[in-house]
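# Commentary on secondary and tertiary structure
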Amino acid sequence: MAAELHPRSGKLIGLSNSNRTAQRNQPVQEFNHGLVLSREPLRDRDVFTVRIDKKVNSWSGSIEIGVTALDPAALDFPSSATGLKGGSWIVSGCSVLKDGRSVLEEYGRDLDQLGEGDRVGIQRNGRGELHLWVNGQDCGAAASGLPSRLWAVVDLYGKCTQVTVVSCEPPPDTEDQEEDEEEREEEVVLPSPAALTTEACRDHEDRTGALVLPAVPALATVMNGSAEEVPEVTRGHSRPDKFPNNFEPDTVLTEHQLFDVFNNAIVSLYRSEDEGGEDLGLGGAGGGGSDPSRAGAGSNNGARGGGGNENGNGGSAEGGGSTNNSPSGSAGGTAGTGGMTTNDALLFHEKCGTLIKLSNNNKTAERRRPLDEFNNGVVMTNRPLRHNEMFEIRIDKLVDKWSGSIEIGVTTHNPNNLDYPATMTNLRSGTIMMSGCGILTNGKGTRREYCEFSLDELQEGDHIGLMRKASGALHFYINGIDQGVAANQTPGVVYGVVDLYGMAVKVTIVHNHNHSDRLRRNNAIMRALSPDVGRPRPALSLTPDPEAPDRLLFHPNCGQKAAIIGDGRTALRPHATDDFNHGVVLSNRPLHSNEVFQVRIDKMVDKWAGSIEIGVTTHNPAYLQLPSTMTNLRSGTWMMTGNGVMHNGTTILDEYGHNLDRLKAGDTVGVVRKDDGSLHFFVNGVPQGPAAWNVPPSVYAVVDLYGQAAQATIMDDMADLPPLPDDNSEGPTAMSPGSPCSITGASAASDLRFHQLHGTNAVITNGGRTALRQNCRSEFNDAIVISNRCLRDGELFEIVIQKMVDRWSGSIEAGVTAIRPEELEFPNTMTDIDYDTWMLSGTAIMQDGNTMRNNYGCDLDSLSTGSRIGMMRTASGDLHYYINGVDQGVACTGLPPEVYAVIDLYGQCVQVSITSSSGPLDNSLCTSNITEKSFPIHSPVAGVAHRLHNKHGKNVVLLGDGCQAVRVGGYAHGIVFSAKELKTDELFEVKINEVDEQWSGSLRIGLTTLQPPDLPSCPLSGLSPSLTQLRSKVTWLLAGSEVRRNGVLQRQNYGCSLDRLTVGNRVGVKRCSDDTMHIFIDGEDMGPAATAVAKNVYAVLDLYGKVTAVSIVSSTLVEDTESVKAPSLSSDSCSEGEDDSTPCENEPTLVPMAMAFLENHGKNIQLSNQNLTAARVSSYNQGLLVTAQPLPRQQLFQFQIDRLNSSWTSSLSLGVIGHSPDRLNFPSTACCLKRSVWLLQRDSVFHNSLKICENYGPNLDTCPEGTVLGLLVDANGCLHLHVNGMDQGVAAQDIPTPCYPLIDLYGQCEQVTIVTNHVPAVGAESGDVRCQGDMEKADMVDGIKESVCWTPPPAVNPNKTCEYQALCSRFKDLLTLPDGYFNEDAKYNLCYCESCHKLRGDEAYYKRGEPPRDYALPFGWCRFALRIKPHCEVSNTFKKWHIAYHGTSVGSLRRTLDHSQLLPAESSSVFSASPVKAESHGSYGEPEENSAPEREIPCVRLSPTMRYSGLEVFAPKVQFRDPRSLRCHHAQVGFQVCVRPGSYKVGPQSLGISEPLDPRFSNTEIEWITKEKGGTLLYGLLIRVE
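Residues numbered from 1 in each chain as written. Predicted model: local features only at pLDDT ≥ 70, side-chain atom pairs only at ≥ 80, totals over all residues. Heavy atoms only, no water.

## Remarks on the overall build of the protein
A count of helices and strands for the protein gives 11 helices and 93 strands. Within the protein, the proportion of its 1586 residues that are buried is 55%. Excluding contacts between residues fewer than 6 apart, the proportion of contacts in the protein whose partners are at least 24 apart in sequence is 70%. Total accessible area on the protein stands at roughly 65600 Å², and carbon and sulfur atoms take up 46% of it. (Helix = DSSP H or I, 4+ residues; strand = E, 2+ residues; numbered from the N terminus. Buried < 20%, exposed > 50% of the residue type's maximum accessible area, 1.4 Å probe, protein only. Contact = heavy atoms within 4.5 Å. Areas by Shrake-Rupley, 256 points an atom, 1.4 Å probe, with all protein chains shown as cover.)

## Overview of the pattern of salt bridges
A complete count under the given rule lists 33 salt bridges for this structure. When the shortest N-O distance is used, the salt bridge between Arg589 and Glu595 registers 2.6 Å. The pair formed by Arg589 and Glu595 is uniform in burial state, with each residue classed as buried. Note that Arg868 and Glu798 form a salt bridge whose closest N and O atoms lie 3.2 Å from each other. (Salt bridge = Lys/Arg side-chain N within 4 Å of Asp/Glu carboxyl O.)

## Observations concerning the packing of aromatic side chains
By the definition in use, this model includes 22 aromatic pairs. With a centroid separation of 5.9 Å and 65 degrees between ring planes, the pair formed by Tyr856 and Tyr881 is classed as edge-to-face. Placement of Tyr856 in the loop between strand S47 (850–853) and strand S48 (868–873) and of Tyr881 in strand S49 (residues 879–883) is noted, with a sequence separation of 25 residues between them. Exposure remark for Tyr881: the relative accessible area of 0% places this residue in the buried category. Here a set of aromatic residues connected by ring pairs shows up, and it is made of Phe31, Trp59 and Tyr157. Residue placement shows Arg1004 over the ring face of Tyr1104; its charged tip is 3.8 Å from the ring centre. Its end group placed over the ring of Phe1424, Lys1372 keeps NZ or CZ at 5.5 Å from the ring centre. (Phe/Tyr/Trp six-rings, centres within 6.5 Å; stacked < 30°, edge-to-face > 60°. Lys NZ or Arg CZ within 6 Å of the ring centre and 35° of its normal.)

## Section: the nonpolar core
Judged by nonpolar contacts, the single largest core of 38 residues is most densely connected at Leu1185, Leu1240 and Leu1269. Per-element accounting of this core gives the leading share, four residues, to strand S70 (residues 1197–1204). Residues within four places of Leu1269 in sequence aside, it is in contact with Phe1197, Gln1198, Phe1199, Ile1201, Leu1212, Leu1214, Leu1260, Cys1263, His1282 and Val1283. (Core = buried A, V, L, I, M, F, W, Y, C linked by side-chain atoms within 4.5 Å.)

## Looking at the sheet that holds strand S75 (residues 1268–1273)
What links the strands of a sheet is backbone hydrogen bonding, and the strands pair in either a parallel or an antiparallel sense. Spatially, seven strands are ordered S67-S68-S79-S70-S75-S76-S77 in an open sheet, and the strand pairing comes out antiparallel. With one partner strand each, in any of the chains shown, strand S67 (1165–1168) and strand S77 (1286–1292) form the two edges of the open sheet. When strand polarity is set aside, the average angle formed by the axes of neighbouring strands in this sheet is 25 degrees. In this structure, strand S68 (residues 1173–1176) lies alongside strand S79 (residues 1309–1315), joined through three bridges in antiparallel fashion. Directly across from Ala1174, in S79, lies its bridge partner Val1312. (Pairing = 2+ DSSP bridges. Axes fitted to C-alpha atoms, helices over the stretch in contact; angles between N-to-C directions.)

## Some details on the sheet that holds strand S12 (residues 151–155)
Pairing in this open sheet of six strands is antiparallel, and the strands run S3-S12-S5-S6-S7-S8 from one edge to the other. Only two strands of the sheet have a single partner each, and these edge strands are strand S3 (35–37) and strand S8 (101–104). In this sheet, neighbouring strand axes are inclined to one another by 25 degrees on average, regardless of whether the strands run parallel or antiparallel. Relative to strand S6 (residues 88–92), strand S5 (residues 64–68) runs antiparallel, the two being bridged by five bridges. If you follow Thr68 over to S6, its bridge partner there is Ser88.

## Quick notes on unusual backbone geometry
The residue after Thr1297, namely Pro1298, is reached through a cis peptide bond having omega 0 degrees. Within the secondary structure layout, Pro1298 lies in the loop between S77 and strand S78 (1300–1304). With omega at 5 degrees, the peptide bond leading from Glu1410 into Pro1411 counts as cis. Here Pro1411 shows up in the loop between strand S83 (1405–1408) and strand S84 (1413–1416). Look at Ala1092: it is not a glycine, yet its phi comes out positive at around 55 degrees. With respect to the helices and strands, the residue Ala1092 is situated in the loop between strand S64 (1084–1090) and strand S65 (1098–1102). The backbone phi angle of Gln1194 is positive, close to 70 degrees, even though this residue is not glycine.

## With respect to the side chain of Arg1066
Its location among the elements puts Arg1066 in strand S62 (residues 1066–1071). A polar side-chain atom of Arg1066 sits 2.6 Å from a polar atom in the side chain of Glu989. (Polar contact = N/O pair within 3.5 Å; in protein donor to acceptor, adjacent residues only side chain to side chain.)

## Observations regarding the confidence of the model for the protein
Across the protein, the average pLDDT comes to 77, with 74% of residues at 70 or higher. Averaged pLDDT values over the elements of the protein bottom out at 33 in strand S81 (residues 1344–1345) and peak at 96 in strand S25 (residues 495–499). (pLDDT = per-residue confidence, 0-100.)

## Here we look at the pairing of strand S22 (residues 463–468)
Buried residues dominate S22, accounting for six of its six residues. Where burial is concerned, the two faces of S22 agree: the one with His463, Gly465 and Met467 and the one with Ile464, Leu466 and Arg468 are both buried. Examined bridge by bridge, strand S17 (residues 391–398) and S22 share four bridges and lie antiparallel to one another. Within S22, the residue paired with Ile393 across the bridge is Ile464. Across five bridges, the pairing between S22 and strand S23 (residues 474–478) is antiparallel. Bridging across to S23, Ile464 finds its partner in Ile478.

## Some points on the environment of Glu1512
Looking at the secondary structure, you find Glu1512 in the loop between helix H11 (1506–1509) and strand S89 (1518–1521). Overall, the relative accessible area of 46% leaves Glu1512 in the partly exposed class. Separated by 20 residues in the primary sequence, Glu1512 and Gln1532 place their C-alpha atoms 8.0 Å from one another. Those residues in contact with Glu1512, other than ones at most four positions away along the chain, are Lys1517 and Gln1532.

## Describing the state of the cysteines
Throughout the structure, instances matching the rule amount to zero disulfides. Cys451 takes part in no disulfide bond, and the closest cysteine sulfur, belonging to Cys437, lies 6.3 Å away. When its relative accessible area of 9% is taken as the criterion, Cys451 is described as buried. (Disulfide = S-S within 2.5 Å.)

## Examining a nonpolar patch on the surface
Taken together, the side chains of Val957, Leu959 and Val968 make up a nonpolar region of the molecular surface, amounting to roughly 240 Å² of accessible area. Note on placement: Val968 falls in the loop between strand S55 (964–967) and strand S56 (975–978). Since its relative accessible area comes to 59%, Val968 is described here as exposed. (Patch = residues over 30% accessible without salt bridge, like charges linked within 9 Å, V, L, I, M, F, W, Y side chains within 5 Å.)

Following this line, the structure appears as structure tokens:
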């Protein structure tokens, strides 16, 4: 055979040197796609050898080599060799994989450790065995039974980037060795089953050694070429050349017959032992038969009372009390150990954790105070574990209070000398622990996904075991199932250790003395005899019967309390009145497709609850440790129980079919798996419809004789059964309306399902209706599911959250995508997709992975189990979300017509099910309750109660002296007013008394300048039917979650929707001193709803829709919900309209408690200035601070950031801690505190290290030096953050008393100082506070105080740390504009990025000019202030002119700046100046009488919002390279200008855009056009960088 590579190879492979050298291209960027195969199939005994030429260190893993039966000429090359199927054997590292599944661990040399120049080869010898050769050395047989036609495979994976084929020829001297081996093998003869079983059950009198089990290793080797699961034989033993000569040498048995022979023999041996026979030696190498001398050293054949060699292979003595703890049925390993006495049994050591109580002769350990403490529960064994000795425990008790559960492992520490830690994973040496489903070595994770089982999900009664093999490999066992090698090279002397952590309270060491457990311990031998677990096997019969192998019977291996009688057709619980479980029985073979397995209930008892359960499982009954009930099994099992269906112990259908608990004796139940993979159940012959889909083909039938069911018999006659339905219809049993999958009132179910393609951690069950994330406590992502088809217009896709875990932060994410499932490469999370995808994550609407909108009307992270989430695309392309049936409003617009629903089972969300059908929604029928958090109800403060005005809507009746209002008819005409004008900061609040669910809509509330006394005396006329139509005077109102002004929408998704309120909820309205309207719901301030609210306003309510009666709960005294009112940045400091002679009315002063830092603090903290100043003196962490005094209610604790260090990333965090810090052991960072801690970090809120809120306030990492931060706990126990005196709202609730302020000087923040005096109003000089009398007329328009354009002082300006502003400044420098154009004082340069404008507390819209006109702040842009020309009347311009924006090109900047105004010339801006014909409709001026009809007048387009002026058609993008980061960016430029009132005309947008560009400005009024020279004044240069 030529030593060449095949020309077809992986897509990154390049061949050279006559196809003898292969190189992986892009070795640093890519680690796979490096497959190469031999040019021709291998000849027997030829070693295909390659030399490793090059390696890189960028990756883990290295070369992989093996063979495949796939022809490279037609092969679709996978990314790596382990992806080869169809007969492929690959050696990877030190493991051997067949078709991608591991078949042998710890084989040969570790290929990952080979270096450049090493040679590695692969060979198929003449006996069909696979051998690996490393540097000329044979590593032994890796696999057997290989086909003859194979190609060599080499994978240039990971570090390996180049190899060269060096030879392909037989190694020297192999033929002679193989011939000798073949001669020796010819002497091995198989026994007959009859002789084997007869000899196994022979009377024990003249027994000199076991006859059955000594042959097991030999048979396993003959069958499989290796016996990796078989216990090792001590050196004194040799493999027998022949079986004892009483066996029939001519008998030939199949592999499956041998399986059953040994299964029955082992069961017979153990049963005979339980009945009084002595223990049969399990390891005599050939003892018995004609040559008893072959028993071998170390055996103790039947000596009664002698110490059997427990760790040798000899038989154990009955009187010696030997315990065989090997999972293979043999202890094997260390010789020379005396017989184990009862005092040598594995027990728990008397020295244990501080909360542990031992009992039951130290076999049981229990953690005291399990509901108060979760750790200090470590116990260890009383002696080291022996090689191949099983240490197994049973979970006796769990509690449901904590997260995390039992942990188990080994340690080299002697318990006599160990200072027990709180948890064993805190030990940093000599310890290997299994925690969850991973392995931790010395406290650090070494294997994240060790097995599919998680210890955190085990239940009471489950078993956990471990064993250190003689080879040093550590194995764990869960319910008797070997989970594989957890660690290699485990030290020789180790103790078993159990940590009763979290939920785990009590465990007991299991000493195995019954045959069912010992049968489980021999599973390894059975697997070696039958490697194809789960493959259909013909039933064994020693007498040939052509029909017997296909007959369905019960398997003899059954539950502990069950028995099989009647030739395998009947199963019963003999003591049904004493026990209610352990009655599981399985069929003796897998079911055929469309084969019905049906049983009749023969006998029932009425003592217990529950009854028969039936289903299927993938587990082979021959080696399954049967659980107490089948629903405890966590893998490969589908069961019908009651009238529900469970999959792997989790309910997937609640209301499925006839309730099995109601069946009587004589009733029948059945199950069938159809050839399409669907599972159906029958009750008395009636099909119940499909219960599950995608059930694998090789499943065994299961019957659980549970509770009342005592006996059942298989029904062979299926002639009377009705034919199975051919479709996937739901069957005759309709789902109940309460079912998660039901349709309210509909008879036909929706065809919406989850698609069969999904994320790697997602599982689709319940016929595509249910999706869940597997390994939910070890995996938090990779669980994206998508709908099976596009959503129709107006069709709701709704799911219900069925299961959550509290292990992670974040939760479900939902949205839509235009990507077809077949074309989607499922990412870790759906927000990683950067095209055609719209998602709701928390409160953020994200498009293509970028946040396009924050603070949407609902927060998905706050939803809990039972919450419903729906998505709908309207015919106009809008996306709406529904929470518990309530529309949350428009999330985004412009969606394409064909979108799929997407659910990301992220973080805490584990399982969801589809709940609703398609079709248009009628929101008037939605009657869901409010989903927001409830807040404590306040009693009204003392004083004169508010009253309602006697002028009201025609359907309203006032009661209780004007304190109650009732709508007596219809759904409208329910407007009522407050009796008097509201004072500043006066709260007007009502409680809902009655609702009428027949109506949709709800209460509306707001403020109005309408004077009720001016209304006609007759209440039947002169008043609008609803508040949204009240437009005779200016009215601000909240309807649902929409804020409107005179009926025009101003803001969407404000606070909690009023439509969700019900009886007992309270709603209030307040006009604050900063001219804003605030809405209160159940006492919580929802924040500013409207700005620029007039002074003289009345409270107004509309008893609309379902709300029919309210009563007043507030009084005329102002309710002081906050002791400290923060000064507003956008208004003056004092209230208006006060006649007091003092500049401002003095508020009552509080005497605050003096605060200082506690002497107990982080180790890098140094205090000074009488403990008012704290500095971190080294590193970036260990900077925790706590105040010495608790924080009183209603007192604002403030501190200032003194020093930042830009060498670090991130910055400080702050919060409160609910227990005394005097003895607090400060960790490295605040996020490590996990008890009674509320922490504000970046823009998120954490409670006990779990995130509870996102997008709260400004990002603390962007706070510059000089920022003043504050904490306040109000009277209701709510925590508030203040930034430069501005309250950011409620961050957390239920703060305990006392609590202590906590600061973590982390990262950039190095020094802070407690502020002991009040912070002056922003923008005002010390002692210079203007009040109403000092204002000029320009500040007042019709009694409405307008906010002037303010600039924060340097202490608030985030110039120093805003990277976005620095990037924009570097682009400005690249424009080489003269510095003389710009204001020298940098404090007037403002950044409007998200962090900066939140930090300043900017509103989105302000008013300017005379008369006042709205303008929007340029969020997302950065403003550089321009120098104003001396001839301008600055005061008049700033106060009386309007603010607008103008987008332009970079090339027009210099000319525009030279003239200090926007020139109405064609050359001033290619994109924004355009000629307008005087006679056209675009002209706003009348043409002169004698003017030419085609004369063109150039004009300049402006807009009050940069959302229009910043469009690319006006402000074209230019690309530049950042000189600092060298990255390329796109930039746009524009101007903020002052415009003289009357010099421009307002008109519609001229771009033909249909969708609204700005919610405040209609598209018909968004473009301003001016033609006047001198009508504009440049105020600032705007730059936006992407």
